[in-house]
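Survey of secondary and tertiary structure
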Amino acid sequence: MIRTIWFTRSALRTFGLLSFVFNTLIVSAQWQELDLATTEDLWSVHYRSDGNVWIAQNDSMYYSLNNGDTFVRKAMIATDLGNAPIIGAFTVLHAYGPTEAILTGTYGSAITEAIWRTTTAGNGFTLQHNEDIGPIDAMIDGEFAQAPIAIVVGTNGRILRSTDSGVSWNAIPSGVANSLHSVEWMGGSTYLAAGFNGLLRSLNGGLSWSTVPGAPTLERVEAGGGVCYGRTSTGALWKSARACSGPPQAAPTGNSSCCPVMRLSLIHISEPTRQAEI
């Protein structure tokens, strides 16, 4: 969960400490705390380049149109369920624009998966998808870089995919039963998903997935500059050895594969010093 949010005009950082919001004009400059007048957990945030900021709480949205200088609190209600209040832990939030967004995570006391969508800047939500698979059913992470395609992953090896910006969703077989904690677009039609069963890869826009042989068990996976980075549950860091470009190639003998386009070796960055150049 997010308890502290720090962000700049060009970047956003989250820290699990206290329910504070901080804002600054430039990186590493003086930070200013913004009082949201709440002590409740803040679960997810999306900061858009147009200055539109969304923050999801248990039963509320905080909304800003001025880069987070000020926020308006909006109670979350389900307009298609008689304006019933929405209460949950919403770990995934994505705003498509100043009025349209989707969020998901867990919903209600039964801890079931639910995906909600607003087209009124958070003044009302409609339920787009809801399914209870196991004792705890939650979506944990999402990827929205190829709109209108959206992909969310979660507990019980679940992958959901949308081709209409979150209006409708289809379940995609993952081939695994344990939780998936992270999903990342790597460029083109390639995605990675990380979880307790190792690393999954899709080469067709998330329509099908397969396990990456020999990859470490990663809790988070990220991409930057064509290179993929991973973190284990114990804090160890990994990265692909070269940029993800060119035709598929076999990984060197005895090495793992993280990068989805070329099967490249991973560099392990030792804990706790993390001094290796990456």
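A few points on the structure. (Residues numbered from 1 in each chain as written. Predicted model: local features only at pLDDT ≥ 70, side-chain atom pairs only at ≥ 80, totals over all residues. Heavy atoms only, no water.)

To continue, consider the overall build of the protein chain. From N to C terminus, the protein chain includes 0 helices and 26 strands. Here the protein chain, with 278 residues, has 50% of them falling under the buried criterion. If you take every contact in the protein chain between residues at least 6 apart in sequence, the share linking residues at least 24 apart comes to 39%. Split by element, the accessible area of the protein chain, about 12400 Å² in all, is 53% carbon and sulfur. (Helix = DSSP H or I, 4+ residues; strand = E, 2+ residues; numbered from the N terminus. Buried < 20%, exposed > 50% of the residue type's maximum accessible area, 1.4 Å probe, protein only. Contact = heavy atoms within 4.5 Å. Areas by Shrake-Rupley, 256 points an atom, 1.4 Å probe, with all protein chains shown as cover.)

What follows covers the nonpolar core. Ranked by size, the top nonpolar core spans 16 residues in total, and within it Met-61, Leu-103 and Trp-116 carry the most contacts. Here the element with the most residues in this core is strand E11 (residues 88–95); it accounts for 3 residues. Setting aside anything within four residues of it in sequence, one finds Met-61 in contact with Trp-54, Ile-55, Ala-56, Val-72, Arg-73, Lys-74, Met-76, Leu-93, Leu-103 and Phe-125. Residues Ile-149, Val-176, Leu-180 and Trp-209 belong to the second largest nonpolar core, which totals 12 residues. (Core = buried A, V, L, I, M, F, W, Y, C linked by side-chain atoms within 4.5 Å.)

Attention now goes to the pattern of salt bridges. Following the criterion strictly, the structure yields 9 salt bridges and no others. The shortest N-O distance in the salt bridge between Glu-113 and Arg-158 comes to 3.1 Å. With Glu-113 in strand E13 (residues 113–118) and Arg-158 in the loop between strand E16 (150–154) and strand E17 (159–162), this residue pair connects regions lying 45 residues apart in the sequence. Look at Glu-113 and you get buried, because its relative accessible area is 0%. Arg-158 serves as the salt-bridge partner of Asp-137, at 2.6 Å between the closest nitrogen and oxygen. With Asp-137 in the loop between strand E14 (126–131) and strand E15 (139–143) and Arg-158 in the loop between E16 and E17, this residue pair connects regions lying 21 residues apart in the sequence. Note on Arg-158: relative accessible area 8%, which makes it buried. Here the residues in one salt-bridge network are Glu-113, Glu-131, Asp-137 and Arg-158, joined through shared partners. (Salt bridge = Lys/Arg side-chain N within 4 Å of Asp/Glu carboxyl O.)

What follows concerns the side chain of Ser-202. Looking at where Ser-202 falls in the secondary structure, it is placed in strand E21 (residues 198–202). Here the side chain of Ser-202 touches Ser-208 through a polar contact of 2.9 Å, landing on its backbone oxygen. Apart from residues no more than four positions distant in its own chain, Ser-202 is found in contact with Ser-189, Thr-190, Tyr-191, Leu-207, Ser-208 and Trp-209. (Polar contact = N/O pair within 3.5 Å; in protein donor to acceptor, adjacent residues only side chain to side chain.)

One open sheet accounts for 4 strands, arranged E19-E20-E21-E22; its pairing is antiparallel. Each edge of the sheet is formed by a strand with only one pairing partner; in this case those strands are strand E19 (180–187) and strand E22 (210–211). With 5 bridges connecting them, strand E20 (residues 190–195) and E21 associate as antiparallel partners. Looking across to E21, one finds that Gly-195 is bridged to Gly-198. (Pairing = 2+ DSSP bridges.)

Further remarks concern the pairing of E15. Within E15, 4 of the 5 residues are buried, which leaves the element mostly enclosed by the surrounding structure. As defined by bridge partners, E15 adjoins E16 across 4 bridges and the pair is classed as antiparallel. Each bridged residue has a counterpart across the sheet, and for Glu-143 the counterpart in E16 is Ile-151. Adjacent in sequence and paired antiparallel, E15 and E16 are bridged by 6 residues.

Here we take up the packing of aromatic side chains. Two aromatic rings are characterised by how far apart their centres lie and by the angle between their planes. Applying the stated criterion to the full structure yields 3 aromatic pairs. A ring pair is formed by Trp-54 and Tyr-63, whose centres lie 5.0 Å apart and whose planes are at 90°; its orientation type is edge-to-face. Neither residue differs from the other here; Trp-54 and Tyr-63 are each classed as buried. Geometrically, the ring pair formed by Tyr-96 and Phe-144 is edge-to-face, given 6.4 Å between the ring centres and 90° between the ring planes. Of this pair, Tyr-96 sits in the loop between E11 and strand E12 (101–107) while Phe-144 sits in the loop between E15 and E16, and the two are 48 residues apart along the sequence. What makes Phe-144 buried here is its relative accessible area of 11%. Looking at Lys-74, its charged tip hangs above the ring of Tyr-63, at a distance of 4.3 Å from the centre. (Phe/Tyr/Trp six-rings, centres within 6.5 Å; stacked < 30°, edge-to-face > 60°. Lys NZ or Arg CZ within 6 Å of the ring centre and 35° of its normal.)

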